[in-house]
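# Observations on chain architecture
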Amino acid sequence: MADELELLRSANPFTSDGSLYGDGPLDHHAERGLNRLLYERRSRRRRVLWSLAAATAVAATVLTLVLGGPSSTPAVAAPRPLVVQANSTPVSLKQLAALATAVAVDGTPALRRGTHVQSWSLGMSDDKPPVTIPEERIVRWHADDSHTERDIEDGRVLKDTTYPPSWSDVPPDARPPHDVAGLRAYLQETAYSKTPLTTPELLSAVGELLDHWTLGARESAALARLLAGADGLRPVGEVTDRLGRHGQAYVYQQSATRLMLIMDPATGAVLGMESTFTKDQPEYGVKAGDVMDYSAWTR
């Protein structure tokens, strides 16, 4: 609650140097604050890349974490993590970035605003066993800058919501650049950070980007080059993701979690991300190897 109050204060358009009644448009700082507040709940699923200490601090609350399952059917226990294929050959991120750059020469496919993301969430509490909750969301933008969000569960459309025209020059709503320096600055602003992002922070910001935009070939190539310079992100080989797609996996190991990035070996596009527990946490009813977070993006 304290964090949300701080977000409201930072989004306050009535600044000390502004007009007396604040009846003009929001300035850039205020718009960023409001944008952060509006997307806080949606992005929370990827912000569970916390340390164990941070997780312990909120043990008394109900946590919502995203995880992957073999289908969109709710499960009683956490599914197993993706498995790297035996004897597969890891491809370095530098190699993949070079390939992505080569195939992006003609600029197709193009960048598209909107997303199609499938994710799986783990609801946990102190007195109930964990259960998985699938989510699927399709966001499509229209020529008049209005957009429609479709929520799907178990293959059924739960809700179609159309929003009126809107526009923002604040990441992740703003159009992402397709050069490395520009994209780095864009993702840092997405993460509301004034300092260079750590690898977990970078991956979290990438997830936010992909929840808003379907990257084109040039943006994917820039992202691959950026990720190639991320500390501790190492290639481990081939995986088949939960949508049946073949990808190259890259892993970042934290003290209590393993972060896995899955990328298309033919284009360098990000296909998905997965986080798994690497230590038992009996207070949550989960064990080492249980999936904590999974999202998959498609065009």
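Scroll up a little and you will see the structure.
All of the points below concern the structure found in this document. All values derive from a computational prediction rather than experimental measurement.

### Describing the overall build of the protein chain
A tally of helices and strands in the protein chain yields 7 helices and 11 strands. Across the 299 residues of the protein chain, 47% fall into the buried class. Of the contacts formed within the protein chain by residues at least 6 apart in sequence, a portion of 60% connects residues at least 24 apart. With the model as given, the accessible surface of the protein chain reaches about 15000 Å², and the carbon-plus-sulfur share is 57%.

### Overview of the environment of Lys 159
Tracing the backbone shows Lys 159 in strand β5 (residues 156–163). Overall, the relative accessible area of 47% leaves Lys 159 in the partly exposed class. Spatially, the C-alpha atom of Lys 159 lies 9.9 Å from that of Arg 137, the residues being 22 residues apart in sequence. With residues up to four places along the chain from it excluded, the contact list for Lys 159 reads Glu 149, Arg 150 and Asp 151.

### A few points about the nonpolar core
Leu 187, Leu 227, Leu 233, Leu 261 and Met 263 are the most contacted members of the largest nonpolar core, which totals 36 residues. Elements with a contribution of two residues or more to this core: α4 (93–103), α5 (180–190), α6 (199–210), α7 (217–228), β8 (246–253), β9 (257–263) and β10 (270–277). Core analysis: the second largest hydrophobic core is formed by 12 residues, Leu 82, Val 239, Ile 262 and Leu 271 among them.

### Observations concerning the pairing of strand β4 (residues 147–153)
Where a strand is regular, its side chains alternate between the two sheet faces. In the sheet, β4 pairs with β5 via 7 bridges, with the strands oriented antiparallel. In the strand pairing of β5, Glu 153 is matched with Arg 156. Here β4 folds back onto β5 in antiparallel fashion, the turn holding 2 residues, of which Asp 154 has a positive phi close to 55°.

Here is what the cut-offs are and how they apply
- Residues numbered from 1 in each chain as written.
- Predicted model: local features only at pLDDT ≥ 70, side-chain atom pairs only at ≥ 80, totals over all residues.
- Heavy atoms only, no water.
- Helix = DSSP H or I, 4+ residues; strand = E, 2+ residues; numbered from the N terminus.
- Buried < 20%, exposed > 50% of the residue type's maximum accessible area, 1.4 Å probe, protein only.
- Contact = heavy atoms within 4.5 Å.
- Areas by Shrake-Rupley, 256 points an atom, 1.4 Å probe, with all protein chains shown as cover.
- Core = buried A, V, L, I, M, F, W, Y, C linked by side-chain atoms within 4.5 Å.
- Pairing = 2+ DSSP bridges.

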